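Take a look at the letters that make up each chain.
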Amino acid sequence: MRGDPAGAKDPAKWLKERIREVPDFPKPGILYKDITTLLKDPVALRETADRLAERFAGRRIEQVVGIEARGFIFGPLVANRLNVGFVPVRKPGKLPAETAARSYELEYGRDTLEVHLDGVADGERVVLVDDLLATGGTAKAAAELIESVGGTVDAIGFVVELTYLDGRRRLDGYDVVESLVRY
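Residues numbered from 1 in each chain as written. Predicted model: local features only at pLDDT ≥ 70, side-chain atom pairs only at ≥ 80, totals over all residues. Heavy atoms only, no water.

1. Considering the pattern of salt bridges
A side chain with one charge may pair with a side chain of the opposite charge, provided their charged atoms come close. Worth spelling out the cut-off: We define a salt bridge as a contact between a side-chain nitrogen of Lys or Arg and a carboxyl oxygen of Asp or Glu at a distance within 4 Å. We count a stretch as a helix when DSSP gives it H or I for four or more residues in a row; a strand needs E for two or more, and each element gets its number in order from the N terminus. Think of it in three bands: with a 1.4 Å probe and only protein chains considered, a residue is buried below 20% of the maximum accessible area for its type, exposed above 50%, and partly exposed in between.
With the rule as written, the count across this model stands at 18 salt bridges. With a closest N to O distance of 3.5 Å, Glu17 and Arg18 form a salt bridge. Arg20 is the partner of Asp34 in a salt bridge, and the nearest nitrogen-oxygen pair spans 2.8 Å. Here Arg20 lies in strand 1 (residues 20-23) and Asp34 lies in strand 2 (residues 31-34), a separation of 14 residues in the sequence. Residue Asp34 is classed as buried on the basis of its relative accessible area, which comes to 10%. The partly exposed category is assigned to Arg20, whose relative accessible area is 43%. Counted as one network, the salt bridges with shared partners bring together Glu17, Arg18 and Asp41.

2. Digging into helix 4 (residues 71-82)
To be explicit about the condition: In this analysis, the expected span of each helix is defined as 1.5 Å times one less than the number of residues it contains. Throughout, a contact is declared for two residues whenever any of their heavy atoms are within 4.5 Å.
With twelve residues, helix 4 ought to run about 16 Å at 1.5 Å a step, and its terminal C-alpha atoms sit 16 Å apart, in line with that. For helix 4, the elements touching its buried residues are helix 2 (36-39), helix 3 (42-56), strand 3 (63-67), strand 4 (85-89), strand 7 (125-133) and strand 8 (152-161). A positive phi of about 60° marks Asn83, the residue just after helix 4.

3. Thoughts on helix 5 (residues 137-148)
Look at helix 5: 16 Å from first C-alpha to last across twelve residues, which is about the 16 Å you get at 1.5 Å a residue. Within helix 5 the residues assigned to the buried category are Gly137, Ala139, Ala141, Ala142, Ala143, Leu145 and Ile146. On its buried side, helix 5 packs onto strand 3, strand 4, strand 5 (99-106), strand 6 (109-116), strand 7 and strand 8. Directly beyond the C-terminal end of helix 5, a positive phi value near 105° is found at Gly150.

4. So, the sheet that holds strand 7
We count it as follows: Two strands make a pair as long as DSSP finds a minimum of two bridges between them. Angles here are taken between N-to-C directions and fall from 0 to 180 degrees, while the axes themselves are lines fitted to C-alpha atoms, restricted in helices to the stretch in contact.
Spatially, the five strands line up as an open sheet ordered 4-3-7-8-9, and their pairing is parallel. Only two strands of the sheet have a single partner each, and these edge strands are strand 4 and strand 9 (177-182). Neighbouring strand axes in the sheet, compared pairwise and without regard to direction, differ in orientation by 20° on average.

5. Some details on the environment of Arg90
Assignment of secondary structure puts Arg90 in the loop between strand 4 and strand 5. For Arg90, a relative accessible area of 21% puts it in the partly exposed group. Put simply, Arg90 and Leu171 are 81 residues apart on the chain and 20 Å apart in space, counted from C-alpha to C-alpha. The contacts of Arg90, once residues within four sequence positions are left out, are Glu68, Phe72, Leu95, Thr112, Leu113 and Glu114.

This is how it looks when you write it as structure tokens:
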């Protein structure tokens with residue numbers, strides 16, 4: 001499935017062709033967008049990181065923040081291209097130093113995210129990166145968490161957006177919300 005994105009007329013379509021759709025996962029009726037096929041293709045992985053970073057070039061970003069777990073794949077790649085550091089946002093109990101936490105509602109329950117208190121300095125401009133925008137709850141909680149420790153969320157970026165779940169609406173108030181592939 002490898003190919004050259006430079007020759008593609010529609011780069012988003014080219015990336016979309018590298019994302020496998022798995023029916024009835026994790027439960028019947030769900031058509032899961034599996035990015036592992038994109039990740040194993042070195043050209044597609046590089047193209048994804050390049051395109052995400054391009055969306056934020058020139059924005060004076062000082063840190064890239066990635067949400068556990070797949071934000072840890074794309075976040076450092078984008079940070080490298082923007083020549084800035086990477087800050088992980090993790091599930092509770094995974095970070096060794098003092099943290100701030102933010103709990104949020106899921107469709108069926110609650111979850112919590114944490115960041116080191118010294119992960120983002122006061123006023124630092126960050127781009128928040130994750131693999132998928134679905135309902136927007138996790139991204140919103142991560143953005144609020146970064147703001148609670150003094151950071152400024154300058155932009156938010158995703159590889160995939162499930163537009164039919166309207167997660168972008170939960171991110172109203174953030175001027176720059178980007179996604180490379182939309183379903």
